[in-house]
Amino acid sequence: MKLVVVSAGLSSPSSTRLLADRLTAATLTQVDAEVEVVELRDLATEIAQHFVTGFPPARLAAALDAVAAADGLIAVTPVFAASYSGLFKSFFDVIDKDALTGKPVLVAATGGTARHSLVTEHALRPLFTYLRALVLPTAVYAASEDWGEEGLAARITRAGGELARFMAPSVSDVGPDAGPDVDTAAAIAPRSLHGAITSVDPADGFRVVPFEQRLAALRPAD
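Just so we're clear, the structure is a prediction, and the values are computed from it rather than from any experiment.

Caption draft 1: Quick peek at the packing of aromatic side chains. For the structure on display, the rule yields five aromatic pairs. Considering the side-chain rings of F91 and F92, the 5.1 Å spacing of their centres and the 85 degrees angle between planes classify their relative orientation as edge-to-face. This pair shows no difference in class: F91 is buried, exactly as F92 is. An aromatic cluster of at least three residues, connected via ring pairs, comprises Y84, F88, F91, F92 and F128.

Here it is as structure tokens:
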């Protein structure tokens, strides 16, 4: 099982990477996974080259492949101009359009003030919903004054637990081969590119099924 962490922090060390590391640790307390961290500041030049040439350099290609192959993703960005950073957005602009379909994603952000706390909802969640990812219910925002506060620690623990739950098969009343909670997955399933509500097909794991297709199956045959 593989967990990929995308950090868009620009400094070293950075609060963005610190939050990413704490979310990773919280997830690993509940699931056994190999972790790969993608530091976008190290790939800034390669991302720009990809936009110009249409082909990713080797290091960027490896990072994109890692995200596509991940069982779960943690994505953390600093807040710039009340939204995600341009570097963060550029990375997900060049990723394959189907790479995140059905993939559980934990979104998080850091900023200097609590006034930007809704960036996870008005910027990050719509971005990953558009990419057809399963965006977890708990998003984490850390302002400068949040570090060391119990509330931040609790949100990190809860978010890590949600990601672990969706990454790993769970033992439940239906037996040891049961997968993640499909009803919960359906509740947070993304919208399609046409705005139609989608859900998760229990018979096919996390394949996203357009609402129109499910509705057609319920109509009586002519």
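Caption draft 2: Spotlight on the side chain of K103. Residue position: K103 is located in the loop between α4 (86-94) and β5 (104-111). No salt bridge is formed by the buried K103; the nearest opposite charge belongs to D71, separated by 6.9 Å. Not counting residues up to four positions away in its chain, the partners in contact with K103 are V67, A68, A69, A70, D71, L73, A133 and L134.

Caption draft 3: Layout of the nonpolar core. One finds F88, F91, F92 and F128 to be the most contacted residues of the largest nonpolar core, which totals 39 residues. Elements with a minimum of two residues in this core: β1 (2-7), α3 (58-69), β3 (72-80), α4, β5, α5 (119-130) and β7 (140-143). If we skip the residues at most four places from it in the chain, F92 touches V6, L73, A75, L100, F128 and L131. L3, I74, V76 and L136 belong to the second-largest nonpolar core, a separate cluster that totals 20 residues.

Caption draft 4: Looking closely at the pairing of β1. Burial within β1 is extensive, with six of its six residues counted as buried. The alternating pattern of β1 places K2, V4 and V6 on one face and L3, V5 and S7 on the opposite face, and all of these are buried. Relative to strand β2 (residues 34-39), β1 runs parallel, the two sharing six bridges. When the bridges of β2 are listed, V5 appears paired with V37. The parallel pair β1 and β2 is bridged by helix α1 (residues 15-28), and the resulting crossover is right-handed.

Caption draft 5: Quick look at the environment of T29. Structurally, T29 can be placed in the loop between α1 and β2. What makes T29 exposed here is its relative accessible area of 62%. Residues T29 and A164, 135 residues apart in the sequence, show an inter-C-alpha distance of 8.6 Å.

Caption draft 6: Geometry of the pattern of salt bridges. A complete count under the given rule lists nine salt bridges for this structure. Linking D21 and R17 is a salt bridge whose minimum nitrogen-to-oxygen distance equals 2.8 Å. Of this pair, D21 and R17 are both found in helix α1, four residues apart, which corresponds to roughly one turn of the helix. Note on R17: relative accessible area 27%, which makes it partly exposed.

Caption draft 7: Inspection of the environment of V135 at higher detail. Looking at where V135 falls in the secondary structure, it is placed in strand β6 (residues 134-135). V135 sits in the buried class, given a relative accessible area of 3%. For the pair V135 and L124, spaced eleven residues apart in the sequence, the C-alpha separation amounts to 9.3 Å.

Rules and cut-offs
- Residues numbered from 1 in each chain as written.
- Predicted model: local features only at pLDDT ≥ 70, side-chain atom pairs only at ≥ 80, totals over all residues.
- Heavy atoms only, no water.
- Phe/Tyr/Trp six-rings, centres within 6.5 Å; stacked < 30°, edge-to-face > 60°.
- Buried < 20%, exposed > 50% of the residue type's maximum accessible area, 1.4 Å probe, protein only.
- Helix = DSSP H or I, 4+ residues; strand = E, 2+ residues; numbered from the N terminus.
- Lys, Arg positive; Asp, Glu negative; His and termini not counted.
- Salt bridge = Lys/Arg side-chain N within 4 Å of Asp/Glu carboxyl O.
- Contact = heavy atoms within 4.5 Å.
- Core = buried A, V, L, I, M, F, W, Y, C linked by side-chain atoms within 4.5 Å.
- Pairing = 2+ DSSP bridges.
- Right-handed = clockwise from strand over helix to strand, strands pointing away.

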